[in-house]
Amino acid sequence: MSLCLVLCHLSLAANSFVHQNDTTRIDSTLVRYFYETLENKQLGNINNWDTTTFSASFYDPTNQLFEFYQELSNSGHAHKKLDFPFPTSIGFNDYLDSYDKFIITKKKIFYPIVFQPFTQINYMMGGKKEQHLNAIFCREFLPRFFITINFNIDYAPSVYQRSLAQDYNFIINFRWNTKDEKYGVNGYFFSNDIDVYENGGITHDSIFTNSIRDDNSVTPVNLMKASNKIKVQGFGINQYFVLGYTDEDRDKKIGFGRICYSFDYQSNKYAYKDTDPSSAFYDAFDTLIDKSLTYDSISFYTIKNCFSINTLSFKKYNNDIPFYLSVGLEHNYTYHPGYTDILTGEQFNKKRYQNIRAKGGIIINLFKSTRITGNGEIILNDYQAGDMMLYGQWKQFLGTYKRNIGALVFDANISRQSPDWFEGFYYSNSFRWDNDFTPSTYLKVTGAYETPWFSIGLKQMTIDHYIYFAENAKPTQHGGSLYITSFFGKLKFNFKYFELSGTASFQKTDNENIIHLPFFYAKMKMAWNITLVKGISIMQPSVLVSYFTEYYADAYMPVHRTFYLQNDVKVGNYPFIDFYLTFKLKRANIFLGYTNLYSFSGEKGYFTTPHYPMRDSRLIFGLRWRLYK
């Protein structure tokens, strides 16, 4: 907690600079932010900081309002979305899907736009000493030079044996531009450390569902000495230089453009350890090489250099730029040290992956009512040559940008992907494979109607030569085509003292032997605002309900941190109900919560992943406190 005190002191004691590169100061407490590069700020891709009481209780990274995941028994562990994910990148895979919400990398780093020193502290405390702490601090240390520090701790024990998770991440970033805004630079450093005990789930679900044992802490589990350690670190810098310098250049909507350069470095290290590999949990998989110790370690190191030019000059936009074009080249280099032979100790399968990719993006705004955007990239060499990703969107406002009755939005995504390094070759104590897969192609077409308070849409996805993890927890490839159709909706509604927000989706695949999805899932939060002291404090009781239909959810394999198909156990058809009572006292939100209320009915159906019961009902306490000078 000492870090929080330091940040609070800095925020309260610091002298504020009045900077010239942000919008006119109307409310000095206003905080906005953008991601990745200063170009996003210039283009108007800016978000408003959420200060609502309604969102204060969403402390868990895997329990956000418009997202739904299958999880293990407690926070901090592996997770998987309930809807089918479309691939968002090509090339060498330097991320881990099953721990995505707990790993911060370049794409998730935000850059606040503040008018005075800003600190926010989020804290949650639950049973069994569970704690979640997030401290954010941002201020302008020199004219136009901003530094942001973001620190997170998730300490999540469980009532079940060997289910502790400890997740840490630390991010520091900066941004600066010259007074005339001709040159700008932003940079970052991040470090993620994840340390989890793996229990492989309980040995028999019936022990839980039939309440054979009253004390969950002694329920037998599959693994008693296994753990996963994940460490992801990186740093980088992005720079731009505007071409042209006269006063006329500053007033032009489309000027001479700017040149941009970025450098990024990232290291990923994964280690799975089990000092008792003779457990029956491994019997169904490959024969153990070393029956006394499992220590499977993987690491790789990636360097990226990207040079691009675009049509942005000095002028700022609010998502209304008439024309924008960007083209560039990126070089990626990844070093994979290979694997250590368990018997001889020799290193083998060392790899160096390199590729050059062409990238581009475009934005066109027409008639104050039509917006066309697109971007794409293609790999030009190495084993992934020909892999590409294209995205296009047509957004038609029914009216104009500023005055309309909603918008029709049509999206198209297409991706060609070669097998990932992990899917091709893998060597460990209990899993080994060597595959020669062909590239997969993905096509997604989406149509939606959007308004500020609700949206509905239809999505169709086609996949050729899909690579997935089968019932043996090994990758395999489907030779034909797969189809997934989903109908989805989101709602965000306020009426006087009442608030209602949530999401829902119907989804169906033509091959349920390969892709397992719940036919329906939904999450909805309802709240009522009660004024205690006008202008100072309110009380907000709220209820959060989550539900998905019964289906064969994927099982989890801790050895390689991957979800895989299973056809033995169905989960779902259970309503998760949480109650919160939130108090707003000026800029502080304090909440009490009681989760999984439906468990009082006596029904023991609260699984989202086979063999991993979710948490029992529990009392939690938390706060979100914003500090200014």
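Everything here concerns the structure above.
Residues numbered from 1 in each chain as written. Predicted model: local features only at pLDDT ≥ 70, side-chain atom pairs only at ≥ 80, totals over all residues. Heavy atoms only, no water.

Description of the overall build of the protein chain
Part 1 of the argument: Along the backbone of the protein chain there are five helices and 38 strands.
Part 2 of the argument: Compactness check: the protein chain gives a C-alpha radius of gyration of 25 Å against a globular reference of 25 Å for 629 residues, within 12% of the reference.
Part 3 of the argument: With respect to the principal axes defined by its C-alpha atoms, the protein chain has extents near 75 × 65 × 50 Å.
Part 4 of the argument: Evaluated residue by residue, the protein chain yields a buried proportion of 54% over its 629 residues.
Part 5 of the argument: Sequence separation of at least 24 residues holds for 66% of the intrachain contacts in the protein chain that already meet a minimum separation of 6.
Part 6 of the argument: As presented, the protein chain carries roughly 28,400 Å² of accessible surface, and 58% of it is formed by carbon and sulfur atoms. (Helix = DSSP H or I, 4+ residues; strand = E, 2+ residues; numbered from the N terminus. Rg over C-alpha atoms; globule rule 2.2 N^0.38 Å. Buried < 20%, exposed > 50% of the residue type's maximum accessible area, 1.4 Å probe, protein only. Contact = heavy atoms within 4.5 Å. Areas by Shrake-Rupley, 256 points an atom, 1.4 Å probe, with all protein chains shown as cover.)

Examining the nonpolar core
Part 1 of the argument: Among the nonpolar cores identified, the biggest contains 52 residues, and Tyr 99, Ile 230, Trp 421, Phe 431 and Met 557 are the most heavily contacted of them.
Part 2 of the argument: The dominant element in this core, judged by the number of residues it contributes, is strand 11 (residues 226–242), at five residues.
Part 3 of the argument: In this structure Phe 431 touches Phe 285, Asp 286, Tyr 426, Asn 472, Ala 473, Lys 474, Met 557, Val 559 and His 560, once residues within four positions along its chain are discounted.
Part 4 of the argument: If you look at the next biggest cluster of nonpolar residues, it comprises 17 residues, including Phe 68, Tyr 160, Ala 553 and Val 571. (Core = buried A, V, L, I, M, F, W, Y, C linked by side-chain atoms within 4.5 Å.)

Notes on unusual backbone geometry
Part 1 of the argument: For Lys 129, which is not glycine, the phi torsion reads 65° and is therefore positive.
Part 2 of the argument: Topologically, Lys 129 is positioned in the loop between strand 6 (118–125) and strand 7 (131–142).

What to know about the layout of surface pockets
Part 1 of the argument: Taken as a whole, the second largest pocket spans an internal volume of roughly 430 Å³.
Part 2 of the argument: Looking at the second largest pocket, it is lined by 20 residues, and the ones nearest its centre are Phe 281, Phe 285, Ala 555, Tyr 564 and His 611.
Part 3 of the argument: For the lining of the second largest pocket, the residue count by class is twelve nonpolar, six polar and two charged. (1 Å grid on protein atoms, 1.4 Å probe; cavity = no way out; pocket = protein on both sides within 12 Å on 5 of 7 lines; lining within 4 Å. Points joined across faces, edges and corners; volume = space filled by probe spheres on them. Nonpolar A, V, L, I, M, F, W, Y, C, P; charged D, E, K, R; others polar.)

Focus on the packing of aromatic side chains
Part 1 of the argument: Scanning the entire structure with this criterion turns up 60 aromatic pairs.
Part 2 of the argument: Ring plane angle 35° and centroid distance 5.4 Å describe the contact between Phe 235 and Tyr 265, whose orientation is recorded as tilted. Note that Phe 235 is positioned in strand 11 and Tyr 265 in strand 12 (residues 258–274), a separation of 30 residues in sequence.
Part 3 of the argument: Phe 235 sits in the partly exposed class, given a relative accessible area of 39%. (Phe/Tyr/Trp six-rings, centres within 6.5 Å; stacked < 30°, edge-to-face > 60°.)

Considerations on empty space enclosed by the protein
Part 1 of the argument: Across all of its chains, the model carries seven cavities of 30 Å³ or more by this definition.
Part 2 of the argument: Considering only enclosed or pocket space, the largest cavity measures out at about 350 Å³ in volume.
Part 3 of the argument: Asn 63, Glu 71, Phe 576, Asp 578 and Met 614 are the residues nearest the centre of the largest cavity, which is lined by 20 residues in total.
Part 4 of the argument: Within the residue set of the lining of the largest cavity, elements represented by two or more residues are strand 3 (69–71), strand 31 (537–548) and strand 34 (576–585).

Observations concerning the state of the cysteines
Part 1 of the argument: This structure, assessed with the given rule, holds zero disulfides.
Part 2 of the argument: With no disulfide of its own, Cys 260 lies 8.6 Å from the sulfur of Cys 306, the closest cysteine sulfur.
Part 3 of the argument: The class for Cys 306 is buried, based on a relative accessible area of 12%. (Disulfide = S-S within 2.5 Å.)

Some points on the pattern of salt bridges
Part 1 of the argument: Counted by the stated rule, this structure contains 18 salt bridges.
Part 2 of the argument: Linking Arg 615 and Asp 60 is a salt bridge whose minimum nitrogen-to-oxygen distance equals 3.7 Å. Of this pair, Arg 615 sits in the loop between strand 37 (612–613) and strand 38 (618–628) while Asp 60 is found in the loop between strand 2 (47–48) and strand 3, placing the two residues 555 residues apart along the sequence.
Part 3 of the argument: By relative accessible area, which is 3% here, Asp 60 ends up buried.
Part 4 of the argument: Because the salt bridges share partners, they merge into one network encompassing Asp 60, Glu 130, Arg 615 and Arg 618. (Salt bridge = Lys/Arg side-chain N within 4 Å of Asp/Glu carboxyl O.)

Focus: the sheet that holds strand 1 (residues 32–35)
Part 1 of the argument: Taking strand neighbours across the sheet as the criterion, the three strands line up as 2-1-5 in an open arrangement whose pairing is antiparallel. Because the sheet does not close on itself, it has two edges, and the strands there are strand 2 and strand 5 (110–113).
Part 2 of the argument: Sheet analysis places strand 1 next to strand 5, joined by four bridges and oriented antiparallel. Paired with Phe 34 across the bridge in strand 5 is Tyr 111. (Pairing = 2+ DSSP bridges.)

Quick look at the pairing of strand 8 (residues 145–156)
Part 1 of the argument: The buried count for strand 8 comes to nine of twelve residues, which makes it a mostly enclosed element.
Part 2 of the argument: Here strand 7 runs beside strand 8; their pairing, made up of eleven bridges, is antiparallel. Bridging from a neighbouring strand, Leu 133 pairs with Ile 153 of strand 8.
Part 3 of the argument: In this structure, the hairpin formed by strand 7 and strand 8 is closed by a connection of two residues, where Arg 144 is found at a positive phi of approximately 70°.
Part 4 of the argument: Relative to strand 9 (residues 165–177), strand 8 runs antiparallel, the two sharing twelve bridges. Residue Tyr 155 lies in a different strand from strand 9, and its bridge partner there is Gln 166.

So, the side chain of Arg 144
Part 1 of the argument: Tracing the sequence through the fold places Arg 144 in the loop between strand 7 and strand 8.
Part 2 of the argument: It turns out Arg 144 is buried and unbridged, and the closest side chain with the opposite charge, Glu 140, is 6.5 Å from it.
Part 3 of the argument: Within the structure, Arg 144 has its side chain in polar contact with the backbone oxygen of Asn 177 (distance 2.9 Å). (Lys, Arg positive; Asp, Glu negative; His and termini not counted. Polar contact = N/O pair within 3.5 Å; in protein donor to acceptor, adjacent residues only side chain to side chain.)

A word on the side chain of Thr 370
Part 1 of the argument: Looking at the element boundaries, Thr 370 is found in strand 18 (residues 370–379).
Part 2 of the argument: Of note is the side chain of Thr 370, whose polar atom sits 2.7 Å from the side chain of Gln 396.

Considerations on a nonpolar patch on the surface
Part 1 of the argument: On the surface, Phe 241, Leu 243, Phe 256, Ile 259, Tyr 261, Phe 307, Ile 309, Leu 325 and Val 327 cluster together into a nonpolar patch covering about 770 Å² of accessible area.
Part 2 of the argument: Within the residue set of the nonpolar patch, elements represented by two or more residues are strand 12, strand 13 (294–310) and strand 14 (323–336).
Part 3 of the argument: Relative to the elements of secondary structure, Phe 241 occurs in strand 11. (Patch = residues over 30% accessible without salt bridge, like charges linked within 9 Å, V, L, I, M, F, W, Y side chains within 5 Å.)

Considerations on the environment of Ser 191
Part 1 of the argument: Take Ser 191: it is sitting in strand 10 (residues 183–198).
Part 2 of the argument: With a relative accessible area of 11%, Ser 191 lands in the buried category.
Part 3 of the argument: Not counting chain neighbours up to four residues away, the residues in contact with Ser 191 comprise Tyr 168, Asn 169, Phe 170, Lys 231, Val 232 and Gln 233.
Part 4 of the argument: A polar side-chain atom of Ser 191 sits 3.0 Å from a polar atom in the side chain of Gln 233.

Looking at the environment of Val 232
Part 1 of the argument: By secondary structure assignment, the location of Val 232 is in strand 11.
Part 2 of the argument: In sequence terms Val 232 and Leu 96 are 136 residues apart; their C-alpha atoms lie 9.9 Å from each other.
Part 3 of the argument: If near-sequence neighbours (up to four positions away) are discounted, Val 232 is found in contact with Ile 103, Thr 105, Phe 190, Ser 191, Asn 192, Gln 266, Ser 267 and Asn 268.

So, the pairing of strand 29 (residues 520–528)
Part 1 of the argument: With nine bridges connecting them, strand 28 (residues 498–509) and strand 29 associate as antiparallel partners. Directly across from Ser 505, in strand 29, lies its bridge partner Tyr 521.
Part 2 of the argument: Bridge count for strand 29 against strand 31 is seven bridges, and the pairing is antiparallel. Bridged to Lys 523 within strand 31 is Ser 546.

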